[in-house]
Amino acid sequence: MEDFRLRPVTTALPAVLLEARGVTVSFPRPGGGAAVVLDRVDLELRDSEILAVVGPSGSGKSTLLRILAGLLAPTHGEVRYRGQPVHGPTPGVAMVFQTFALFPWLTVLENVELGLRALGVAPEERRRRALQAIDLIGLDGFESAFPRELSGGMRQRVAFARALVVEPDVLLMDEPFSALDALTAENLRTDLLELWLRHRIPTRAMALVTHNIEEAVFLSDRVVVLGTTPARVIGEVRPELPHWRDRESPEFRSRVDEVYALLAGERQRRLVHARPLLPRLPPAPVGLVTGLVELVHDADGRVDVRELADELRLDLEDLLPAVEAAELLGFATSHDGDLVLTDSGRAFAEASVQDKKELFRQALLERVRTAQEVVQTLRRRKPPRMPAEFFLDLLERHFSAEEARRQLAVVVDWGRYAEAFAYEEATGEFSLETEEDLLGL
Ligand code: ADP
Ligand code: MG
């Protein structure tokens, strides 16, 4: 593929197309009160740029995109399109979602035409433009196919054609490649980038939400990092590398590391400023956490997390919850993208199987608020048993219903391994069983 130069750099900044100003979003909590998801977010999308927004899952990325698209009104602050405040769907904006929101009873052509029907474009013109968009995105020959006859990758191409057919000024994409297998995702990513670089689409700017750091650095001119709960912009990295970018090059790797370090710093901040709220447990299976500590120990107590993910053939994002868990338990700390074992992490790695459980149990009960709540509640009961619903209700005061269930599953997984408490699936009951538990040690 040919070597594209960076777009010309001028001293004047290109015009702002779309901007969020002081955007705060809160949702009512099921148990009362409000959950603040975005906190005074300022974001600009300028002419000729591809912007990537990365952040942990649940940090509010989709919410931010829906706000920019005018599909959701901010609680405070405003969205402006070419300087004008937006009320209702933002003009000039088209959106692509993670999953293929196609109408199953319509053909590819009809699905693509749909975007134009809403704009009141005449039938012949609709057809002409839809065929053109289908051709552009590599769906030629599939015009009369139905969505069910297409692979996931082709369906997502239809979603792109439907967004591009309206010739949007701004294209917003919410994890558009993350439901696809790696190869399919890469093909669609490079096809989109090629359309952009060759100016084959009239779109002036694109914003992409992703939890995939490499994807963000590969595609974008600017990576904005969102911190979580509530989400704020915590930093920005500009790849400043010509396309096509070589993912193996040291420059590319160093940009990935910069983004990673911002996210790691954010995790530290969250640990230090643990608020009276129950901190969210990273959803890492206990085996991955203990295995990670042992791997770091085997590597002389220090690993580059990104390299480790590569070696394990895991996405960095899939390893991160285990990294976060090791930090939370005090077994490791992060330094510049490296994970470094602490003394207690070393002790854990070197301990026998039974001693491991004991060390894990100590760490859990000293440092993990949710586990403390469970054990303290059980200790107050005679006999020490409690239904799971009780803890679910407790968690639902801090998290959405779905997240509360996930949090409970994590604490059960960790607590069972540590033998800190028992959970019986059949009865749905938590209990303390060992003598030590009952003695309240
Ligand atoms: P991301 O896309 O980064 O994974 P989202 O923007 O989907 O995050 O969600 C951020 C948070 O806002 C989550 O905790 C989610 O539960 C909450 N949230 C999103 N939409 C709603 C809604 N309509 N009502 C209540 N909570 C919501
Ligand atoms: Mg999302």
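One numbering rule holds for all chains: residues counted from 1, following each sequence as written. Note on labels: chains are lettered from A, ligands numbered from 1, in written order. At least 70 in pLDDT is required for a residue's local features to be given in this predicted model, at least 80 for side-chain atom pairs to be given and counted, and no such filter applies to totals for whole chains, interfaces and linings, which use all residues. Each side-chain value is derived from all of the structure's non-hydrogen atoms; neither hydrogens nor water enter the calculation.

Student: Looking at this structure, I do not really get the overall build of the protein chain. What am I missing?
Tutor: From N to C terminus, the protein chain includes 16 helices and 16 strands. The atom set for the radius of gyration is the C-alpha atoms, and the globule formula is 2.2 Å times the number of residues raised to the power 0.38. Over its C-alpha trace the protein chain gives a radius of gyration of 25 Å, about what one expects of a compact globule, namely 22 Å for 441 residues. With the principal axes as the frame, the protein chain shows a C-alpha extent of 80 × 45 × 45 Å. In this scheme, a residue with accessible area under 20% of its type's maximum is buried, one over 50% is exposed, and one in between is partly exposed, where area comes from a 1.4 Å probe on protein chains only. For the protein chain, the residues scored as buried account for 50% of the 441 residues in total. Contacts were defined at the residue level, with two residues in contact if any of their heavy atoms lie within 4.5 Å. Of all intrachain contacts in the protein chain linking residues separated by at least 6 positions in sequence, the fraction that spans at least 24 positions is 69%. Here the protein chain displays about 21,000 Å² of accessible surface, and carbon together with sulfur accounts for 51% of that area. Positive charges are assigned to Lys and Arg, negative charges to Asp and Glu, while His and the chain termini are left out of the count. For charged residues, the charge sits on one atom: NZ in Lys, CZ in Arg, CG in Asp, CD in Glu. The protein chain carries 53 positive and 70 negative side-chain charges, and their two centres are separated by 5 Å. Comment: elements are numbered from the N terminus, with helices defined as DSSP H or I runs of at least four residues and strands as E runs of at least two. Methods summary: accessible areas were calculated by the Shrake-Rupley approach with a probe of 1.4 Å, and residue burial reflects only the protein chains presented.

Student: Can you help me understand the environment of Ser352 in this one?
Tutor: Within the secondary structure, Ser352 is located in the loop between α11 (343-350) and α12 (353-367). Spatially, the C-alpha atom of Ser352 lies 63 Å from that of Leu114, the residues being 238 residues apart in sequence.

Student: Help me out: how do you make sense of the pattern of salt bridges in this one?
Tutor: When a carboxyl oxygen of Asp or Glu is within 4 Å of a side-chain nitrogen of Lys or Arg, the pair counts as a salt bridge. Applying the stated criterion to the full structure yields 35 salt bridges. Note that Arg40 and Asp39 form a salt bridge whose closest N and O atoms lie 2.9 Å from each other. With a relative accessible area of 58%, Arg40 lands in the exposed category. The class of Asp39 is buried, set by a relative accessible area of 13%. The shortest N-O distance in the salt bridge between Glu49 and Arg222 comes to 2.9 Å. Here Glu49, found in the loop between β2 (34-46) and β3 (50-54), pairs with Arg222, found in strand β9 (residues 222-227); they are 173 residues apart in sequence, far enough to count as distant. If you follow the salt bridges from partner to partner, you end up with Glu19, Arg21, Asp42, Glu44, Arg46, Glu78 and Arg80 in one network.

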